[in-house]
Amino acid sequence: MKHKIICSLFSIAIFTSGLFLGAYISTSAGASSNSTELYNSIIHLSSVHQQIENGELENAKQAICSFVRTRIELLELGHQILNENRAKEVMVLKQSMEKMFSNTSQASTSLAETCV
(Lines give C-alpha, C1' and ligand atoms only; values in the text may rest on other atoms or scores of the structure.)
Protein backbone atom coordinates (compact mmCIF):
# COMPACT_ATOMS: atom_id res chain seq x y z
CA MET A 1 0.00 0.00 0.00
CA LYS A 2 2.80 2.41 0.90
CA HIS A 3 4.49 1.59 -2.38
CA LYS A 4 1.41 2.61 -4.42
CA ILE A 5 1.08 5.89 -2.52
CA ILE A 6 4.76 6.71 -2.97
CA CYS A 7 4.59 5.88 -6.70
CA SER A 8 1.47 8.02 -7.10
CA LEU A 9 3.06 10.99 -5.32
CA PHE A 10 6.23 10.54 -7.36
CA SER A 11 4.22 10.48 -10.61
CA ILE A 12 2.30 13.59 -9.61
CA ALA A 13 5.56 15.38 -8.68
CA ILE A 14 7.14 14.50 -12.03
CA PHE A 15 4.01 15.60 -13.93
CA THR A 16 3.82 18.91 -12.03
CA SER A 17 7.51 19.67 -12.44
CA GLY A 18 7.27 18.90 -16.19
CA LEU A 19 4.29 21.19 -16.48
CA PHE A 20 6.10 24.07 -14.75
CA LEU A 21 9.30 23.44 -16.71
CA GLY A 22 7.37 23.52 -19.99
CA ALA A 23 5.65 26.77 -19.02
CA TYR A 24 8.99 28.32 -18.06
CA ILE A 25 10.70 27.27 -21.28
CA SER A 26 7.87 28.52 -23.49
CA THR A 27 7.76 31.84 -21.64
CA SER A 28 11.50 32.36 -21.84
CA ALA A 29 11.53 31.39 -25.53
CA GLY A 30 8.80 33.95 -26.24
CA ALA A 31 10.69 36.67 -24.40
CA SER A 32 13.86 35.78 -26.28
CA SER A 33 12.04 36.08 -29.59
CA ASN A 34 10.72 39.53 -28.66
CA SER A 35 14.15 40.65 -27.47
CA THR A 36 15.72 39.49 -30.72
CA GLU A 37 13.08 41.32 -32.74
CA LEU A 38 13.64 44.53 -30.78
CA TYR A 39 17.41 44.23 -31.18
CA ASN A 40 17.09 43.69 -34.93
CA SER A 41 14.78 46.71 -35.20
CA ILE A 42 17.31 48.87 -33.34
CA ILE A 43 20.11 47.73 -35.65
CA HIS A 44 17.98 48.46 -38.71
CA LEU A 45 16.95 51.91 -37.49
CA SER A 46 20.57 52.72 -36.63
CA SER A 47 21.51 51.81 -40.17
CA VAL A 48 18.78 54.04 -41.59
CA HIS A 49 19.89 56.88 -39.31
CA GLN A 50 23.47 56.48 -40.53
CA GLN A 51 22.32 56.59 -44.14
CA ILE A 52 20.40 59.81 -43.47
CA GLU A 53 23.43 61.34 -41.75
CA ASN A 54 25.57 60.41 -44.77
CA GLY A 55 23.08 62.06 -47.12
CA GLU A 56 21.99 58.76 -48.69
CA LEU A 57 18.29 59.60 -48.51
CA GLU A 58 17.16 57.29 -51.32
CA ASN A 59 18.95 54.34 -49.72
CA ALA A 60 17.38 55.21 -46.36
CA LYS A 61 13.92 55.38 -47.94
CA GLN A 62 14.41 52.02 -49.63
CA ALA A 63 15.62 50.49 -46.36
CA ILE A 64 12.50 51.77 -44.58
CA CYS A 65 10.29 50.42 -47.37
CA SER A 66 11.98 47.04 -47.12
CA PHE A 67 11.54 47.06 -43.36
CA VAL A 68 7.82 47.85 -43.60
CA ARG A 69 7.23 45.27 -46.35
CA THR A 70 8.96 42.64 -44.23
CA ARG A 71 6.70 43.49 -41.30
CA ILE A 72 3.64 43.20 -43.54
CA GLU A 73 4.79 39.76 -44.68
CA LEU A 74 5.39 38.70 -41.08
CA LEU A 75 1.92 39.89 -40.12
CA GLU A 76 0.49 37.90 -43.00
CA LEU A 77 2.36 34.75 -41.95
CA GLY A 78 1.45 35.18 -38.28
CA HIS A 79 -2.20 35.66 -39.16
CA GLN A 80 -2.65 31.88 -39.35
CA ILE A 81 -1.75 31.21 -35.70
CA LEU A 82 -3.56 34.10 -34.01
CA ASN A 83 -6.91 33.99 -32.28
CA GLU A 84 -9.85 35.53 -34.14
CA ASN A 85 -9.83 38.98 -32.49
CA ARG A 86 -6.08 39.43 -32.81
CA ALA A 87 -6.21 38.22 -36.43
CA LYS A 88 -8.80 40.92 -37.22
CA GLU A 89 -6.57 43.57 -35.64
CA VAL A 90 -3.60 42.35 -37.67
CA MET A 91 -5.59 42.40 -40.91
CA VAL A 92 -6.78 45.98 -40.25
CA LEU A 93 -3.19 47.03 -39.56
CA LYS A 94 -1.94 45.25 -42.68
CA GLN A 95 -4.61 46.88 -44.83
CA SER A 96 -3.86 50.34 -43.44
CA MET A 97 -0.13 49.86 -44.08
CA GLU A 98 -0.79 48.68 -47.63
CA LYS A 99 -3.14 51.61 -48.20
CA MET A 100 -0.51 54.02 -46.95
CA PHE A 101 2.09 52.63 -49.35
CA SER A 102 -0.25 52.46 -52.32
CA ASN A 103 -1.44 56.06 -51.99
CA THR A 104 0.19 57.81 -54.96
CA SER A 105 -1.49 61.19 -54.42
CA GLN A 106 1.32 62.32 -52.11
CA ALA A 107 4.39 64.26 -53.22
CA SER A 108 6.98 62.37 -55.25
CA THR A 109 9.56 62.72 -52.46
CA SER A 110 7.35 61.05 -49.86
CA LEU A 111 8.07 57.62 -48.45
CA ALA A 112 4.83 56.22 -49.83
CA GLU A 113 5.74 57.30 -53.36
CA THR A 114 9.19 55.75 -53.00
CA CYS A 115 7.82 52.42 -51.79
CA VAL A 116 5.23 51.97 -54.54
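Summarised in this report is the structure supplied together with it. (Residues numbered from 1 in each chain as written. Predicted model: local features only at pLDDT ≥ 70, side-chain atom pairs only at ≥ 80, totals over all residues. Heavy atoms only, no water.)

### Some points on the overall build of the chain
Secondary structure assignment for the chain yields four helices and zero strands. Starting at the N terminus and walking to the C terminus, you meet the elements of the chain as α-α-α-α. In the chain, which comprises 116 residues, the share counted as buried stands at 19%. Excluding contacts between residues fewer than 6 apart, the proportion of contacts in the chain whose partners are at least 24 apart in sequence is 39%. Total accessible area on the chain is roughly 9000 Å²; 64% of this is exposed by carbon and sulfur atoms. (Helix = DSSP H or I, 4+ residues; strand = E, 2+ residues; numbered from the N terminus. Buried < 20%, exposed > 50% of the residue type's maximum accessible area, 1.4 Å probe, protein only. Contact = heavy atoms within 4.5 Å. Areas by Shrake-Rupley, 256 points an atom, 1.4 Å probe, with all protein chains shown as cover.)

### Things to note about the layout of surface pockets
Counted as a void, the largest pocket has a volume near 260 Å³. Every residue lining the largest pocket is listed: Arg71, Leu74, Leu75, Leu82, Arg86, Glu89, Val90 and Leu93. Of all the elements in the fold, those that place two or more residues in the lining of the largest pocket are helix 2 (57-78) and helix 3 (84-102). With four residues, the single largest contributor to the lining of the largest pocket is helix 3. Among the residues forming the lining of the largest pocket, the class breakdown is five nonpolar, no polar and three charged. (1 Å grid on protein atoms, 1.4 Å probe; cavity = no way out; pocket = protein on both sides within 12 Å on 5 of 7 lines; lining within 4 Å. Points joined across faces, edges and corners; volume = space filled by probe spheres on them. Nonpolar A, V, L, I, M, F, W, Y, C, P; charged D, E, K, R; others polar.)

### Here we look at the environment of His44
Summarising the element assignment, His44 is placed in helix 1 (residues 2-53). For His44, a relative accessible area of 22% translates into the label partly exposed. Along the primary structure His44 and Ala63 are separated by 19 residues, whereas in three dimensions their C-alpha atoms are 8.3 Å apart. Those residues within four positions of His44 in sequence are excluded, and the remaining contacts are Ala63, Ile64 and Phe67. Of the polar contacts made by the side chain of His44, one reaches the backbone oxygen of Ala63; its length is 3.2 Å. (Polar contact = N/O pair within 3.5 Å; in protein donor to acceptor, adjacent residues only side chain to side chain.)

### Quick look at a nonpolar patch on the surface
Judged by side-chain polarity, Met1, Ile5 and Leu9 come together as a nonpolar surface patch covering roughly 370 Å² of accessible area. By secondary structure assignment, the location of Ile5 is in helix 1. Among the residues examined, Ile5 registers a relative accessible area of 45% and is labelled partly exposed. (Patch = residues over 30% accessible without salt bridge, like charges linked within 9 Å, V, L, I, M, F, W, Y side chains within 5 Å. Salt bridge = Lys/Arg side-chain N within 4 Å of Asp/Glu carboxyl O.)

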